[in-house]
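# Fold and contact review
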Amino acid sequence: MVQRTARRRSAGVAAATITALAVALLPGVSAFAADSVTDVSFDFGPVGSATPEGWVGVDPTVVYSADLGYGFTTAPKDAKDRGGDDLMRGDFVNSTPYEFVVDVPNGLYNVTAWMGDIQAGSGNRTNLEIEGTLYPGPSTPGGEIREQTFASIAVTDGQLTIKALQNVGRLN
């Protein structure tokens, strides 16, 4: 999820909070209003998978375009929907490497990601590269979803870039 908060200035750079690979971008909206609070939450899963209210569904066929303002530049090779009551945690994309980008104003962001598989018999670790810096993801036991926040991510080119690099790379 990406959450843009009220502006805070630090060395001339707008600050914001992004939580869990969600960005409040809607189709036809290509940027956040700098002075408003905007939540964008992306739910990654297969084509046709149900999406929680307030989240933007993203499947492997969603290719980045400037008009859309987000999408995959390198798509995951697989996606699964395990069902269940929690629409966000029940589905995911996987099979690394893949890269997801979203247009955002330059600034500082906190990025929160949910990683795992509610039905997997074995665990994994999904390492993420965010804006060129490698962040070890949580070790996720089989059958669990882990949440991790990556703080103070600096965006200087108008686009937040997130790459999944490790093993199966399950990103919910």
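Refer to the preceding data block for the structure.
Worth saying up front: this structure is predicted, and the values here are computed from it rather than measured. (Residues numbered from 1 in each chain as written. Predicted model: local features only at pLDDT ≥ 70, side-chain atom pairs only at ≥ 80, totals over all residues. Heavy atoms only, no water.)

### Points about the packing of aromatic side chains
Quick reminder of the rule: Classification of ring pairs rests on two measures: the distance between centres of Phe, Tyr or Trp rings, Trp counted by its six-membered ring, which must be within 6.5 Å, and the angle between planes, read as stacked under 30 degrees, edge-to-face over 60 and tilted in between. We count a stretch as a helix when DSSP gives it H or I for four or more residues in a row; a strand needs E for two or more, and each element gets its number in order from the N terminus. Throughout this description, buried means an accessible area under 20% of the type-specific maximum (1.4 Å probe, protein chains only), exposed means over 50%, and partly exposed covers the range between.
Taken as a whole and judged by the stated rule, the model has 10 aromatic pairs. Taking 6.4 Å as the distance between ring centres and 40° as the angle between the ring planes, the aromatic pair formed by Tyr-70 and Phe-100 counts as tilted. A residue pair is termed long-range when its members are at least 10 positions apart, and Tyr-70 in strand E6 (residues 70-74) and Phe-100 in strand E9 (residues 98-103) qualify at 30 residues. Each of the two residues, Tyr-70 as well as Phe-100, counts as buried. Consider the rings of Phe-72 and Phe-100, whose centres lie 5.4 Å apart with planes at 70°: the pair is edge-to-face. One end of the pair, Phe-72, is in strand E6; the other, Phe-100, is in strand E9, with 28 residues separating them in the sequence.

### What about the nonpolar core?
What counts, and what does not: The definition of a nonpolar core used throughout is a set of buried Ala, Val, Leu, Ile, Met, Phe, Trp, Tyr and Cys residues joined through side-chain atoms within 4.5 Å. Contact criterion: two residues are considered in contact whenever any of their non-hydrogen atoms come within 4.5 Å of each other.
Among the nonpolar cores identified, the biggest contains 27 residues, and Phe-42, Val-58 and Leu-160 are the most heavily contacted of them. Elements that contribute at least two residues to this core include exactly strand E4 (38-44), strand E5 (55-58), E6, E9, strand E10 (107-116), strand E12 (128-130), strand E15 (145-155) and strand E16 (159-164). Per-element accounting of this core gives the leading share, 4 residues, to E10. Setting aside residues up to four positions removed in sequence, Val-58 forms contacts with Phe-42, Asp-43, Phe-44, Gly-45, Tyr-70, Phe-72 and Phe-100.

### Side note on the pattern of salt bridges
Using the following cut-off: The term salt bridge refers to a pairing of a side-chain nitrogen on Lys or Arg with a carboxyl oxygen on Asp or Glu at a separation within 4 Å.
Applying the stated criterion across every chain yields a total of 7 salt bridges. One salt bridge in this structure joins Asp-86 and Arg-89, with 3.3 Å as the shortest N-O distance. Across the salt bridge formed by Lys-163 and Glu-129, the nearest N and O atoms sit 3.5 Å from each other. Of the two residues, Lys-163 sits in strand E16 while Glu-129 sits in strand E12, which places them 34 residues apart along the sequence. For Lys-163, a relative accessible area of 27% corresponds to the partly exposed category. Residues joined by salt bridges that share partners form a network here, namely Arg-82, Asp-117 and Arg-170.

### Remarks on the pairing of E9
Applied cut-off: At least two bridges found by DSSP between two strands is the condition for calling them paired.
For E9, the tally of buried residues reaches 6 of 6 residues, placing the bulk of the element in the interior. The two faces of E9 match: Tyr-98, Phe-100 and Val-102 on one face and Glu-99, Val-101 and Asp-103 on the other face are all buried. Bridge count for E6 against E9 is 4 bridges, and the pairing is antiparallel. Its bridge partner being in E9, Gly-71 is matched across the sheet by Val-101. Direction of pairing for E9 relative to E16: antiparallel, over a ladder of 6 bridges. Looking across to E16, one finds that Val-102 is bridged to Leu-160.

### Things to note about the environment of Leu-87
Looking at the secondary structure, you find Leu-87 in the loop between strand E7 (78-81) and strand E8 (91-94). Placed 37 residues apart in sequence, Leu-87 and Ala-50 show a C-alpha to C-alpha distance of 6.5 Å. Setting aside chain neighbours within four positions, we find Leu-87 in contact with Asp-43, Ala-50, Thr-51 and Pro-52.

### Some words on the environment of Gly-121
Among the secondary structure elements, Gly-121 is positioned in the loop between E10 and strand E11 (124-125). Classification of Gly-121 by relative accessible area gives exposed; the value is 84%. Between the alpha carbons of Gly-121 and Glu-144 there is a distance of 9.8 Å; along the sequence they are 23 residues apart.

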